[in-house]
Number of protein chains: 2
Amino acid sequence: HKYVGIVSSLNHPYEALLQKAAEKAEYAKQKGFEAMLKAHVNHWANIWIHSDIKIEGDVAAQQGIRFNIFHLNQTYTGDDERLNIGPKGFTGEKYGGTTYWDTEAYCIPFFIATAPTSVTRNLLVYRYKHLQKAIENAQKLGFTNGAALYPMVTINGEECHNEWEITFEEIHRNGAIAFAIFNYIRHTEDYAYLEEYGLEVLIGIARFWAQRVNWSVEKKKFVILGVTGPNEYENNVNNNWYTNKMAVWCMKYAAESVERVKNSNPARYKEIIDKTNFDAASETAEWKNIVDNMYFPYNEELQVFMQQDGYMDKLQLTASDIPLAERPINQHWSWDRILRSCFIKQADTLQGIYVFEDEYDTETIRRHFNFYEPRTVHESSLSPCVHTILAARIAKLDKAYEMYLRTSRLDLDDYNREVHEGLHITSMAGTWMSIVEGFGGKRVQNGNLLVNPIIPVQWNSYSFRIRFKESDMEIRVTQKEVSISSHSDKTIELYVYSEKVVVKPGESKVVALKPDYYA
Amino acid sequence: HKYVGIVSSLNHPYEALLQKAAEKAEYAKQKGFEAMLKAHVNHWANIWIHSDIKIEGDVAAQQGIRFNIFHLNQTYTGDDERLNIGPKGFTGEKYGGTTYWDTEAYCIPFFIATAPTSVTRNLLVYRYKHLQKAIENAQKLGFTNGAALYPMVTINGEECHNEWEITFEEIHRNGAIAFAIFNYIRHTEDYAYLEEYGLEVLIGIARFWAQRVNWSVEKKKFVILGVTGPNEYENNVNNNWYTNKMAVWCMKYAAESVERVKNSNPARYKEIIDKTNFDAASETAEWKNIVDNMYFPYNEELQVFMQQDGYMDKLQLTASDIPLAERPINQHWSWDRILRSCFIKQADTLQGIYVFEDEYDTETIRRHFNFYEPRTVHESSLSPCVHTILAARIAKLDKAYEMYLRTSRLDLDDYNREVHEGLHITSMAGTWMSIVEGFGGKRVQNGNLLVNPIIPVQWNSYSFRIRFKESDMEIRVTQKEVSISSHSDKTIELYVYSEKVVVKPGESKVVALKPDYYA
């Protein structure tokens, strides 16, 4: 056997690298191949226990999802808070190993449910450690008083993107970073994180939004001008609904978090207000005023939130109007034509409907889906998963399955003839979400875990495992029933189709499948 | 004496250059220094006769305007239709010697009034020769059927600018190129130009606008989305009033020109429709439909056309709210902050009010000036001249003079500490316009020449010379009177303060100054 030690200057002084590598190799040699292999196998076996999805009756789908789960775990171990996840992982040089909002919007939902708490926590601490850089990034743009704008793309906290329409306009990313803190805490109840790290980040982000809005005398509301939403096929638009929604949510959550830490840990609270020079009374009052008076573009006739102020001035077509020979449009149309078209690259208003689903009834979700999805060309690998989840939510199972197929074997089958650029690592997490949140209907609402499963007719069964607070369970869905098996040493409570289900340690419960629950 | 011959590979094969240069030097030597000098002096003397502006009582102003007139004539002789005018002329490398809409918007008004017809004609032919490239430029963006988009910046007809917000959004330049044809013809009655060159250009430009608009179901009007107006401190806006106005004007003028050539020169007309594959009936009907149904943003309360759809959503401030230490904002503010501010780089809506002044009464012009000028930071050297002209038009003589001072000695006094980059050649033409169109009130309306002079209190008198159709005259303005001296061999008719004045060859007429004519 040949033993190799791999070390990095991230962890050792440059001049010590040779010595450290030799030590590693020597250590491996001492342990021997069999022992090393065994440790490796055990490590992966444990990962698979918690993150595997089993699909019966569809070998291609089974292979697809396992390929994705393997690569997600291969890319990020969660041991080092200085590291994050590039859209291509280590499989290609595109995007240069840098970090995007993909981490918060797509990867965290995966790791939060399948990996130990520390893994997601480290992804959050990564952003905390970049807070000062985010404040400097905002300062460069003219913001003051500790307002923080996280970069669109980064490797060390500084903005690494080079286009103005992205760097200072695609600011919704700031919302995703705040939302990830909320999402982490609702899954883990790790309020210590909020005290130690989260609150400072939330204050910086809320301050950014409070300075980024302006009062429109015409609309008599606060507006957010000159942004790029998740749909990068529009730039420099006014009042992107998703961005406005995210901004308001951030200010609301930051104010709540200020109140919580003030009560839960007054000493730490004092430290934070001193460090951030935070004027709690006036700043939170300002946030509240903005929250109460934000403008949201809405079309009364359609009863649909508008992606942005000028959206209905565009020529209204649907993706089916585009000749197949011109798809994807980003390879056939000029940027001029794309920007002026109504076609949507990836979920934008629907991304907001997904994130804030609790606030809307099924009819509202359906109306928005039926308006926006036909206008969406899904030319981002991050697009189909949100559509799968929402299609499932409105009982459009065929559509959900169609959308799911777009991502499930994207790289294995090299649909887009671009796999030489590397794998779509972050969108792989979206495929996991498609199954668990889409077909499985997993949600967290008011501190409770909910599952509302449906199952594609093409599958006999599927199962996945979820960590939630101190629970650990497997959900298995067949064409007839849903079973929940506990792997916890505490009694589990969750809601299946709105009915509370209690599962004792080591036991299982079975509930009849309700394929029409959302119909 | 030492004789030097300068030749260019533009005119001779590379391998012949040395020989040709030697011939030139030999020719000069044969003529001798005195004869060469005399020819040079005579040539310049003739230029000065036609283009000089004399200002009495203000030596600094006199020096300023002559410095400008010298450089304009030094930069462009009008002998070669392959050449044009760079914003820095030959005085600096900034802008790389390329051509902008500055030529049509600023330089042509100068040359048209001071130089032989052929000089301006060659500037127009320059664009005619680039028509095929303009069509290709539009094709690259997805336009069809001979639609032409002239480049923002060019050296050979191809677009040489590199920013999308300029190249395919600052499309109002197409209007300036069409308007220059109209402006040339109304000064010269050279309708042969329209037949030979102009109409093809107009058809290409009108076709562009017809494809560039789209129908808004919401507004029930045609709209022009995603443009940058003359105010480059906004990008990607919808319904920039100036652009919409220019587009409509182009389609109207193109349709009229089609009709004119059809009647004036049926043979040439047939050639053109064959060459351009022009379907006169349906295409002009389409243009008319757009002209009749174009959307123009207008604020009812203010009774002011809006620079763009979202302008009133911006925080409304005036330039006086900006601390002096932060001026110019383009050296102190982030691009994010500039784009979202209400501050205007250079005349935008007012540029349209200037171009289409005939359509508006003094009250309307005043209302627009009073709304937009205070929001304008004049951070383009092309800004003050239009404001001088409009300020004079609404009897704000102090403001007109203040604006005039901003450009008159811009380079001589190096106000902006940037003269090392080269002189502002194209804005020098704006200074000439400030005097002739601003203080002199020179206009062409319905085929007639109008002058409505006022005079700054700081000056004893000023005079300028104008070519118009077959006329050639000098206008001299004192604090008491306006005199018009003919240099024509035909009787001149013009309107001074709306009164017709007839001047016989070699004679002069005197009219009392009406400083309050526009009050």
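Bear in mind that the values here come from a model prediction, so they are computed numbers and not experimental data.

**Some words on the overall build of chain A**
Counting secondary structure elements, chain A contains 18 helices and 13 strands. Over its C-alpha trace chain A gives a radius of gyration of 23 Å, about what one expects of a compact globule, namely 24 Å for 519 residues. The principal-axis extent of the C-alpha atoms belonging to chain A is close to 75 × 55 × 50 Å. Partitioning the intrachain contacts of chain A with sequence separation of at least 6 by distance along the chain shows that 64% fall at a separation of at least 24. Summing over all exposed atoms, chain A offers an accessible surface of approximately 21400 Å²; the carbon and sulfur share of this is 50%. Once the 57 positive and 68 negative side-chain charges of chain A are each reduced to a mean point, those two points are 3 Å apart.

**Some details on the relation of the copies chain A and chain B**
Of the transformation placing chain A onto chain B, the axial shift is 0.0 Å and the rotation is 180 degrees, giving an RMSD of 0.0 Å. What the rotation and shift describe, once combined, is the action of a two-fold rotation axis. When each C-alpha of chain A is compared by its distance to the rotation axis, A:Asn236 comes out closest, at 3.2 Å. The overlap is high: 97% of the interface residues of chain A also sit at the interface in chain B, so the same surface is used on both sides.

**Here's the deal with the sheet that holds strand β12 (residues 499–503) of chain B**
Residues and elements named next belong to chain B. Strands sit in the order β6-β7-β11-β12 across an open sheet of 4 strands; the sheet is mixed. On the outer flanks of this sheet lie β6 (443–445) and β12, each paired with one strand and no other. On average, each strand axis in the sheet is inclined to that of its neighbour by 40 degrees, with strand direction left out of account. Where strand β11 (residues 492–496) and β12 come together, 5 bridges link them in antiparallel fashion. Across the sheet, the residue bridging to Tyr495 is Lys500, located in β12.

**Observations concerning the interface of chain A and chain B**
On the chain B side, the residues contacting the 33 residues of chain A number 32 residues. With both chains or domains summed, chain A and chain B bury close to 2700 Å², and 50% of this area falls on carbon and sulfur atoms. Where chain A meets chain B, there are 4 salt bridges. One salt bridge in this structure joins A:Asp336 and B:Arg212, with 3.8 Å as the shortest N-O distance. Where chain A meets chain B, there are 14 residue pairs in polar contact (both at pLDDT 80 or more). Tallying contributions element by element places helix α13 (residues 335–340) of chain A first for the side of chain A that touches chain B, with 5 residues. The residue inventory of the side of chain A that touches chain B, partitioned by class, reads 12 nonpolar, 9 polar and 12 charged.

**Description of the pairing of strand β11 (residues 492–496) of chain A**
Residue and element names in this part refer to chain A. Alternating positions in β11 separate cleanly, Ile492, Leu494 and Val496 being buried on one face and Glu493 and Tyr495 remaining unburied on the opposite face. Pairing analysis gives 2 bridges linking strand β7 (residues 448–451) to β11, with the strands arranged parallel. Pairing of Leu450 across the sheet is with Tyr495, part of β11. In this structure, the hairpin formed by β11 and strand β12 (residues 499–503) is closed by a connection of 2 residues, where Tyr497 is found at a positive phi of approximately 50 degrees.

**Describing the pattern of salt bridges**
Residues and elements named next belong to chain A. Enumeration according to the criterion identifies 70 salt bridges over all chains in this entry. Between Asp80 and Arg82 there is a salt bridge, with its nearest N and O atoms 2.8 Å apart. With a closest N to O distance of 3.9 Å, Arg121 and Glu196 form a salt bridge. Residue Arg121 is found in helix α5 (residues 117–129), and its partner Glu196 is found in helix α9 (residues 191–212); the two are separated by 75 residues along the sequence. For Glu196, a relative accessible area of 39% puts it in the partly exposed group.

**Re the domain arrangement of chain A**
You can read the domains of chain A as domain 1 (1–42) and domain 2 (442–519). Each of domain 1 of chain A and domain 2 of chain A has a C-alpha centre, and the two are 42 Å apart.

**Some points on the packing of helix α3 (residues 59–75) of chain B against helix α19 (residues 425–439) of chain B**
Residues and elements named next belong to chain B. Contact geometry of α3 with α19 gives a least axis separation of 9 Å together with a crossing angle of 130 degrees. By the criterion of interaxial angle, the relationship of α3 to α19 is oblique. Regarding α3 and α19, the two cross each other, and that crossing is left-handed. Counted together, Ile65, Phe67, Asn68, Ile69, His71, Leu72 and Thr75 of α3 and Ile425, Met428, Ala429, Thr431, Trp432 and Ile435 of α19 form the full contact between these two elements.

**What about the environment of A:Ile273?**
Tracing the backbone through its elements, the reader meets A:Ile273 in helix α11 (residues 266–276). Here the alpha-carbon distance between A:Ile273 and A:Tyr242, two residues 31 residues apart in the chain, equals 30 Å.

**Points about unusual backbone geometry**
The linkage connecting A:Arg327 with the following residue, A:Pro328, adopts the cis geometry, with an omega of -10 degrees. Backbone geometry at B:Asn446 places phi at a positive 50 degrees, although glycine is not the residue there. Of note in the backbone geometry, B:Ser498 takes a positive phi value of approximately 70 degrees without being a glycine. Among the structural elements, B:Ser498 can be located in the loop between β11 and β12. Classification of B:Ser498 as partly exposed rests on a relative accessible area of 48%.

**A few points about the packing of aromatic side chains**
One pass over the structure, following the stated rule, counts 81 aromatic pairs over all chains. Ring centres of B:Trp215 and B:Phe222 lie 5.0 Å apart, and the angle between their planes is 75 degrees; this geometry places the pair in the edge-to-face category. Overall, the relative accessible area of 35% leaves B:Trp215 in the partly exposed class. The class of B:Phe222 is buried, set by a relative accessible area of 12%. Three or more aromatic residues joined by ring pairs form one cluster here, namely A:Tyr401, A:Tyr404, A:Phe439, A:Trp459, A:Tyr462 and A:Phe464. Above the face of the B:Tyr295 ring, B:Lys219 is positioned so that its terminal group lies 5.0 Å from the ring centre.

**Description of the nonpolar core**
Of all hydrophobic cores here, the largest spans 308 residues; its most connected members are A:Leu494 and B:Leu494. Beyond its immediate sequence surroundings of up to four residues, A:Leu494 is in contact with A:Leu449, A:Val451, A:Met473, A:Ile475, A:Ile484, A:Glu499, A:Lys500, A:Val501 and A:Val503.

**What to know about helix α16 (residues 362–372) of chain B**
Burial in α16(B) covers these residues: B:Thr364, B:Ile365, B:Arg366, B:His368, B:Phe369, B:Phe371 and B:Tyr372. Where α16(B) is buried, its residues contact β5 (304–305), α15 (349–355), α17 (383–393) and α18 (397–408) of chain B.

**Observations regarding α18(B)**
Residues and elements named next belong to chain B. With 12 residues, α18 should cover 16 Å at 1.5 Å per step; its first-to-last C-alpha distance of 16 Å lies within 8% of that length. Buried residues of α18: Lys399, Ala400, Tyr401, Met403, Tyr404, Thr407 and Ser408, and no others. Looking at the packing, one finds that the buried side of α18 touches β1 (53–56), α3, α16, α17 and α19.

**A look at the sheet that holds β1(B)**
All names here are of chain B. If you walk across this open sheet you meet the 5 strands as β1-β8-β9-β10-β13, and the pairing is antiparallel. The sheet is open, and its two borders are formed by β1 and β13 (508–512), each paired with just one other strand. Across the sheet, the mean angle from the axis of one strand to that of its neighbour is 15 degrees, orientation sign disregarded. Taken together, the 5 bridges between strand β9 (residues 471–478) and strand β10 (residues 481–486) define a ladder with antiparallel strand orientation. Looking at the pairing, Met473 lines up with Ser486 of β10.

**Section: a nonpolar patch on the surface**
A surface patch of nonpolar side chains, amounting to about 240 Å² of accessible area, comprises A:Phe33, A:Leu37 and A:Val41. The residue A:Phe33 is located in helix α2 (residues 33–51) in this model.

**Things to note about the environment of B:Ile492**
All names here are of chain B. Here Ile492 shows up in strand β11. The exposure class assigned to Ile492 is buried, which follows from its relative accessible area of 0%. With 43 residues separating them along the chain, Ile492 and Leu449 place their C-alpha atoms 9.7 Å apart. What Ile492 contacts, discounting residues up to four positions off in sequence, is Ser471, Asp472, Met473, Ser486, Val501, Val502 and Val503.

**Observations concerning the packing of helix α4 (residues 102–114) of chain A against α5(A)**
Residues and elements named next belong to chain A. Here α4 crosses α5 at 155 degrees, and the two axes come no closer than 8 Å. Classified by the interaxial angle, the pair formed by α4 and α5 is roughly antiparallel. Contact with α4, carried on its side by Thr103, Glu104, Ile108, Phe111 and Ile112, involves Val119, Thr120, Leu123, Leu124 and Arg127 of α5 and no other residues of that element.

Procedures and definitions
- Here the residue numbering is sequential within each chain, running from 1 through the sequence in written order.
- To read the labels, note that chains go from A and ligands from 1, taken in the order they are written.
- The model is predicted, so local features are restricted to residues of pLDDT at least 70 and side-chain atom pairs to those at 80 or more, both for listing and for counting; the totals for chains, interfaces and linings are taken over all residues.
- Computation of side-chain values covers all heavy atoms of the structure but excludes hydrogens and water.
- For helices the rule is a DSSP run of H or I covering at least 4 residues; for strands it is a run of E covering at least 2, with both sets numbered from the N terminus onward.
- When we talk radius of gyration, it's over C-alpha atoms, and the globule rule is simply 2.2 Å times the number of residues to the 0.38.
- Any two residues having at least one pair of non-hydrogen atoms within 4.5 Å are treated as being in contact.
- Using a 1.4 Å probe, accessible areas were evaluated by the Shrake-Rupley method; residue-level cover was limited to the displayed protein chains.
- Positive charges are assigned to Lys and Arg, negative charges to Asp and Glu, while His and the chain termini are left out of the count.
- A charged residue contributes its charge at one atom only: NZ of Lys, CZ of Arg, CG of Asp or CD of Glu.
- Only residues with pLDDT of at least 70 in both copies contribute their C-alpha atoms to the least-squares superposition of the copies.
- A pair of strands is treated as paired once DSSP finds two or more bridges between them.
- For every element, the axis is a line fit to its C-alpha atoms; helices are fit only across the contacting stretch, and the angle between N-to-C directions ranges from 0 to 180 degrees.
- Buried area counts how much accessible surface, traced with a 1.4 Å probe, disappears from two parts once they are put together, with both parts' losses summed.
- Whenever a carboxyl oxygen of Asp or Glu lies within 4 Å of a side-chain nitrogen of Lys or Arg, that contact is scored as a salt bridge.
- Counted as a polar contact is a pair of N or O atoms within 3.5 Å, where, for protein atoms, one must be capable of donating a hydrogen and the other of accepting one, and residues adjacent in sequence contribute only when both atoms are in side chains.
- By the convention adopted, Pro, Cys, Tyr, Trp, Phe, Met, Ile, Leu, Val and Ala count as nonpolar, Lys, Arg, Asp and Glu as charged, and the other residues, Gly among them, as polar.
- Using a 1.4 Å probe on the protein chains alone, a residue whose accessible area is under 20% of its type maximum counts as buried, one over 50% counts as exposed, and one in between counts as partly exposed.
- All domain edges in this entry derive from an automatic or database-based domain assignment.
- The labels follow the angle: roughly parallel below 35 degrees, roughly antiparallel above 145, roughly perpendicular from 65 to 115, and oblique for the rest.
- Crossing chirality is assigned from the near helix's rotation relative to the far helix, an anticlockwise turn below a right angle marking it left-handed and a clockwise turn marking it right-handed.
- The criterion for an aromatic pair is that two Phe, Tyr or Trp rings (for Trp, the six-membered ring) have centres within 6.5 Å, with stacked assigned to planes under 30 degrees apart, edge-to-face to planes over 60 apart and tilted to the rest.
- Here, a charge over a ring means that NZ of Lys or CZ of Arg falls within 6 Å of the ring centre while also lying within 35 degrees of the ring normal.
- Throughout, nonpolar core names a set of buried Ala, Val, Leu, Ile, Met, Phe, Trp, Tyr and Cys residues whose side chains join them through atoms within 4.5 Å.
- Helix span is expected to be 1.5 Å times the residue number reduced by one.
- Patch construction takes residues with relative accessible area above 30% that form no salt bridge. Like charges are linked within 9 Å, and nonpolar side chains (Val, Leu, Ile, Met, Phe, Trp, Tyr) are linked within 5 Å.

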